[in-house]
Number of protein chains: 2
Amino acid sequence: MYSIGEISAMFNMPISTLRYYDKKGLFLNIERNSSGIRRFGQKEIETLNVIECLKKAGMSLDDIKLFMDWCQQGDKTLAQRKEMFYQRKKEVEVQLQELQKVADFINYKCWYYDTACNEKTENRVKNIKANDMPDNIRILYENTH
Amino acid sequence: MYSIGEISAMFNMPISTLRYYDKKGLFLNIERNSSGIRRFGQKEIETLNVIECLKKAGMSLDDIKLFMDWCQQGDKTLAQRKEMFYQRKKEVEVQLQELQKVADFINYKCWYYDTACNEKTENRVKNIKANDMPDNIRILYENTH
DNA sequence: TTATATGCTAAACCTGACTTTAGGTCAAGC
DNA sequence: GCTTGACCTAAAGTCAGGTTTAGCATATAA
């Protein structure tokens, strides 16, 4: 069992954030000692891992709370939880595609500024048409324009 | 040349957001007609593409504004702009790795809930150890736990 | 000529996710 | 017995990124 300070250090996350999550009900009835101090165990650690992941996957704390409540309700919510993860899966796949496109755009811009910096001006590179770009750059350019 | 309403439709973005961006100074001295109405041209369309991309790459509007200002200052800021894109490139690569990890976690959870739903309870799957998972799932699990 | 659509501004408001503040409890060490 | 450090709560404050409101101008169609 860990104190809030230990968990804060473990997850490199402010104590205030942990209390905020608890207030939102994200830790399902977390244990407290006789003087009201929170005791974090494996369950809470797993919850924090799930929170971090679902947040990165683009979910709001309210949606995550909904999921935590389903977990507490037991097997009768299995279908909903499954459905939720399949929905997330679809959205993360879209996010991955978009981020790959962003990467292509950035890589094109890196080439653009490499060229401009070498020539000390962007006057020439600014007007290069797709056909006159190196093949690998043209692909990036066409993916993103 | 396009009106704000046309651009709003074209980018599927509220008019209020376009005005908000303009107020922040993201469109470098955009043209207006004699009665003060904004006229959007190719330059502004390109600016919007850049904004969308840099936002997805995790930049704040203030940072994007900084970049726009550098653009206006001409060739003497080429090195800074290049540096900025190389920095972005690094960060987008990290984002891609993290998002791939999120995808692995979600895929593991999909398998978990598939199994639980088939068995109508999560009692068994909850206790499966990594060694007893199918190989492809174990890899996802170990990547993310 | 009046209704409708589209545009304008400044300023107030909103939301999610925290963070800070103010004031209090409690156990351990000096 | 008092100070220190770690914990507690409720409530207010913050910040980015918008959105809404109120009041007004302009242009075109009926």
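Counting of residues starts from 1 at the beginning of each chain's written sequence and follows it residue by residue. Each chain gets a letter, beginning with A, and each ligand a number, beginning with 1, in the order they are written. The model is predicted, so local features are restricted to residues of pLDDT at least 70 and side-chain atom pairs to those at 80 or more, both for listing and for counting; the totals for chains, interfaces and linings are taken over all residues. As a rule here, side-chain values cover all heavy atoms of the structure and leave hydrogens and water aside.

Peer 1: Is there a simple way to explain the overall build of chain A in this structure?
Peer 2: Helix and strand definitions follow DSSP, with helices as H or I runs of at least four residues and strands as E runs of at least two, each counted in order from the N terminus. Of regular secondary structure, chain A possesses six helices and two strands. Only C-alpha atoms enter the radius of gyration, while the globule expectation follows 2.2 Å times N to the 0.38, with N the number of residues. Computed over C-alpha atoms, the radius of gyration of chain A comes to 24 Å, more than 25% over the 15 Å expected from 2.2 N^0.38 for 145 residues, which places it beyond the range of a compact globule. Taken along its principal axes, the extent of the C-alpha atoms in chain A is 75 × 35 × 20 Å. Burial classes: relative accessible area under 20% of the type maximum marks a residue as buried, over 50% as exposed, and values in between as partly exposed (1.4 Å probe, protein chains only). Relative to its full complement of 145 residues, chain A shows a buried share of 43%. Only the protein chains shown count as covering a residue, and every accessible area follows the Shrake-Rupley method with a 1.4 Å probe. When the accessible surface of chain A is totalled, it reaches about 8,100 Å², and 48% of it is carbon and sulfur. Two residue types count as positive, namely Lys and Arg, and two as negative, namely Asp and Glu; His and chain ends fall outside the count. To locate a charge, the coordinates of NZ of Lys, CZ of Arg, CG of Asp or CD of Glu are taken. Positive and negative side-chain charges of chain A, numbering 23 and 21 respectively, have mean locations separated by a distance of 4 Å.

Peer 1: What is the right way to look at the protein's contact with DNA strand C in this model?
Peer 2: Here a residue counts as near a molecule or strand whenever at least one of its heavy atoms sits within 4 Å of it. Neighbouring residues of DNA strand C: 18 residues in total, closest A:Thr17, B:Ser3, B:Gly5, B:Arg19 and B:Arg38. For DNA strand C, the fraction of atoms within 4 Å of the protein that belong to sugar or phosphate moieties is 74%. In protein, a polar contact requires one atom able to donate a hydrogen and another able to accept it; more generally it is a pair of N or O atoms within 3.5 Å, and residues adjacent in sequence count only if both atoms are side-chain atoms. With respect to DNA strand C, the side chain of A:Thr17 contributes an N or O atom lying 2.5 Å from a phosphate oxygen. For DNA strand C, a phosphate oxygen lies 2.9 Å from a polar atom in the side chain of B:Ser3. Among the elements of the structure, α2 (15–23) of chain A together with α1 (4–11) and α2 (15–23) of chain B are those that each provide at least two residues to the surface near DNA strand C. No other element matches the four residues that α2(A) contributes to the surface near DNA strand C. Class assignment for the residues of the surface near DNA strand C results in seven nonpolar, seven polar and four charged. Under the grouping applied here, Gly and all other residues not named as nonpolar or charged are polar, the nonpolar ones being Ala, Val, Leu, Ile, Met, Phe, Trp, Tyr, Cys and Pro and the charged ones Asp, Glu, Lys and Arg.

Peer 1: I keep staring at the side chain of A:Thr47 and nothing clicks. Help me out?
Peer 2: Mapped onto the elements, A:Thr47 comes out in helix α3 (residues 42–56). It only takes one pair of heavy atoms within 4.5 Å for two residues to be counted as in contact. Once residues within four sequence positions are removed from consideration, A:Thr47 is found in contact with A:Leu26, A:Phe27 and A:Met68.

Peer 1: Help me out: how do you make sense of the interface of chain B and chain A in this one?
Peer 2: Frequently, the measure chosen for interface size is the accessible area removed from exposure when the parts meet. Contacts between the two partners involve 38 residues from chain B and, on the opposite side, 38 residues from chain A. A quick way to say it: buried area is the sum, across both parts, of accessible area lost when two parts are put together, with a 1.4 Å probe. If you sort the residues of chain B by the area they bury against chain A, B:Phe85, B:Leu99 and B:Tyr113 come out on top, with a joint share of 17%. We define a salt bridge as a contact between a side-chain nitrogen of Lys or Arg and a carboxyl oxygen of Asp or Glu at a distance within 4 Å. Counting across the interface, chain B meets chain A through four salt bridges. Linking chain B to chain A there are 14 residue pairs in polar contact (both at pLDDT 80 or more). With 25 residues, helix α5 (residues 78–119) of chain B is the largest single contributor of residues to the side of chain B that touches chain A.

Peer 1: How do you make sense of the domain arrangement of chain A when you look at a structure like this?
Peer 2: Domain boundaries assigned for chain A yield domain 1 (1–56) and domain 2 (78–145). Distance between the C-alpha centres of domain 1 of chain A and domain 2 of chain A: 38 Å. How far each domain reaches was decided by an automatic or database domain assignment.

Peer 1: Mind showing me how you'd approach the relation of the copies chain B and chain A here?
Peer 2: Each of the two chain copies can be generated from the other by rotation about an axis followed by a shift along it. Superposing the copies works by least squares over the C-alpha atoms of residues that have pLDDT at least 70 in both of them. In screw terms, the move from chain B to chain A is a rotation of 180° and a rise of 0.0 Å along the axis, fitting with an RMSD of 0.2 Å. Taken together, the rotation angle and the small translation identify this as a two-fold axis. The rotation axis passes nearest to the C-alpha of B:Leu96 in chain B, at a distance of 3.6 Å. A symmetric contact is evident, with 100% of the interface residues of chain B recurring at the interface of chain A.

Peer 1: What's the story with α2(A) in this structure? I'm lost.
Peer 2: In an α-helix there are 3.6 residues to a turn, and that puts residues three or four apart on one side. Residues and elements named next belong to chain A. Considered for burial, the residues of α2 that qualify are Leu18, Tyr21 and Asp22. The arc enclosing the buried residues of α2, seen along the axis, measures out at 100°, which places them on a common side. Every exposed residue of α2 that faces more than 90 degrees away from the buried side is listed here: Ser16 and Lys23. Check the buried side of α2 and you find it contacts α1 (4–11), β1 (31–32), β2 (38–39), α3 and α4 (61–72). Directions drawn from the helix axis to the C-beta atoms are what define this arc.

Peer 1: Whenever I open this one, helix α5 (residues 78–119) of chain A confuses me. Can you help?
Peer 2: For α5(A), which comprises 42 residues, the first-to-last C-alpha distance of 61 Å matches the rise-based estimate of 62 Å (1.5 Å per residue) to within 8%. Just downstream of α5(A), A:Lys120 is the residue with a positive phi angle, here 65°. The span one expects for a helix is its residue count, reduced by one, times 1.5 Å.

Peer 1: Would you mind showing me how to read the protein's contact with DNA strand D here?
Peer 2: As a structural note, the neighbourhood of DNA strand D is formed by 17 residues, with A:Ser3, A:Arg19, A:Arg32, A:Arg38 and B:Thr17 the closest of them. For DNA strand D, the backbone portion of the atoms within 4 Å of the protein, that is sugar and phosphate, comes to 76%. The backbone of B:Leu61 places a nitrogen or oxygen atom 3.4 Å from a phosphate oxygen of DNA strand D. Elements that contribute at least two residues to the surface near DNA strand D include exactly α1 and α2 of chain A together with α2 of chain B. Top element by residues in the surface near DNA strand D is α2(B). It accounts for four residues. For the surface near DNA strand D, a count of residues per class yields seven nonpolar, six polar and four charged.

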